[in-house]
Amino acid sequence: MPRGLLWLGLTLLGALQTEAQDSTPNLIPAPPLLRVPLQPDFKDDQFQGKWYVVGLAGNAKNKEQGQFTMYATVYELKEDHSYNVTSILFRDNKCDYWIRTFVPSSQPGRFTLGNINNYSRIQSYTVQVAATDYKQYAMVYFKKVSNNKEYFKTTLYGRTKELSPKLKEDFIRFAKSLGLTDEHIVFPVPIDKCIDN
């Protein structure tokens, strides 16, 4: 009798573990960095300044999560060619600021997260400028390993809140070249609060 209860308990435990694993989304694997374009002859001084997040696509993003509101990110170049990066979001009826440092790597246009030891769950974080004309748009790729899972996203930055349909189509093509689908691509709703300061 006790052995039968033990087997029943183990069977139920196995079923619960399987159900728990199935509830975590299956992430599309991140492409190798060699498959992600890198802006030739990257000019860090021209890239600095304010960018609006006009498009967003990633393996943890999903249209079913609802509408996203636009946010802004400011890149401030430092003497050592790293950036102070401040993202400004409107959340919970207030302005929220997320500040970090992007440190240049051996490849111009590729960066890592500075002070990564301050982020206990992040094992690695890479940022790569895939394409930009500096004045109008930029497409930037982000890859993060957190809790042994690979997350990646790409953003379509604009110096203004509206970009041409052609740039949006190029962004969709770029996101799909990374293995993402239409379900992973969102275009945040433009807002004025916080991001125009």
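Conventions adopted
- Residues numbered from 1 in each chain as written.
- Predicted model: local features only at pLDDT ≥ 70, side-chain atom pairs only at ≥ 80, totals over all residues.
- Heavy atoms only, no water.
- Helix = DSSP H or I, 4+ residues; strand = E, 2+ residues; numbered from the N terminus.
- Expected span 1.5 Å × (residues − 1).
- Buried < 20%, exposed > 50% of the residue type's maximum accessible area, 1.4 Å probe, protein only.
- Arc of directions from axis to C-beta.
- Disulfide = S-S within 2.5 Å.
- Salt bridge = Lys/Arg side-chain N within 4 Å of Asp/Glu carboxyl O.
- Pairing = 2+ DSSP bridges.

**Notes on unusual backbone geometry**
Trans is the common state for peptide bonds, and a negative phi is the common state for residues other than glycine.
Okay, so step 1: The phi torsion at His81 lies on the positive side, around 70°, for a residue other than glycine.
Okay, so step 2: In this model, Asn93 sits at a positive phi of 60°, which is unusual for a non-glycine residue.
Okay, so step 3: Looking at where Asn93 falls in the secondary structure, it is placed in the loop between strand E3 (83-91) and strand E4 (94-104).

**Digging into helix H3 (residues 165-177)**
Okay, so step 1: In a regular helix each residue adds 1.5 Å, so 13 residues correspond to 18 Å; H3 covers 18 Å between its end C-alpha atoms and thus fits that length.
Okay, so step 2: Among all positions of H3, only Leu167, Asp170, Phe171, Phe174 and Ala175 are buried. Down the axis of H3, the buried set is contained in an arc of 135°. They therefore lie on one face. Exposed residues pointing more than 90 degrees away from the buried face of H3 are listed as Pro165, Lys166 and Arg173.

**Focus on the state of the cysteines**
Okay, so step 1: Scanning the entire structure with this criterion turns up one disulfide.
Okay, so step 2: One disulfide bridge connects Cys95 with Cys194, the sulfur atoms lying 2.0 Å from each other. Given an S-S torsion of about -90°, the disulfide between Cys95 and Cys194 has left-handed geometry. Of this pair, Cys95 sits in strand E4 while Cys194 sits in the segment after strand E9 (185-186); the two residues are 99 residues apart in sequence, bridging distant segments of the chain.
Okay, so step 3: The class of Cys95 is partly exposed, set by a relative accessible area of 32%.

**Thoughts on the pattern of salt bridges**
Okay, so step 1: For the coordinates displayed, the defined rule picks out eight salt bridges.
Okay, so step 2: Between Glu150 and Lys143 there is a salt bridge, and its shortest N-O distance comes to 3.3 Å.
Okay, so step 3: With a relative accessible area of 33%, Glu150 lands in the partly exposed category.
Okay, so step 4: Put simply, Asp170 and Arg173 hold a salt bridge, and the shortest N to O gap is 2.5 Å. Taken together, the positions of Asp170 and Arg173, both in helix H3 and three residues apart, correspond to about one turn of that helix.

**Topic: the pairing of E3**
Okay, so step 1: Where strand E2 (residues 72-77) meets E3, six bridges bridge the pair, whose relative direction is antiparallel. Across the sheet, Thr73 pairs through a bridge with Ser87, a residue of E3.
Okay, so step 2: Counting the residues between successive antiparallel strands, the hairpin from E2 to E3 contains five residues, one of them, His81, with a positive phi of roughly 70°.
Okay, so step 3: What sits between the antiparallel neighbours E3 and E4 is a turn of two residues, in which Asp92 has the positive phi angle 55°.

**Some remarks on the pairing of strand E7 (residues 137-146)**
Okay, so step 1: The buried fraction of E7 is high, at eight of 10 residues.
Okay, so step 2: Where strand E6 (residues 122-132) meets E7, nine bridges bridge the pair, whose relative direction is antiparallel. Across the sheet, Ile122 pairs through a bridge with Ser146, a residue of E7.
Okay, so step 3: Adjacent in sequence and paired antiparallel, E6 and E7 are bridged by four residues, among which Tyr134 carries a positive phi angle near 70°.
Okay, so step 4: Both E7 and strand E8 (residues 149-158) contribute to a ladder of 10 bridges, which runs antiparallel. Counterpart to Met139 in the pairing with E8 is Leu156.
Okay, so step 5: Linking two consecutive strands that pair antiparallel, namely E7 and E8, is a turn of two residues; a positive phi of about 50° is found at Asn147 within it.

From the geometry alone we can't say anything about function, so treat these as descriptive.
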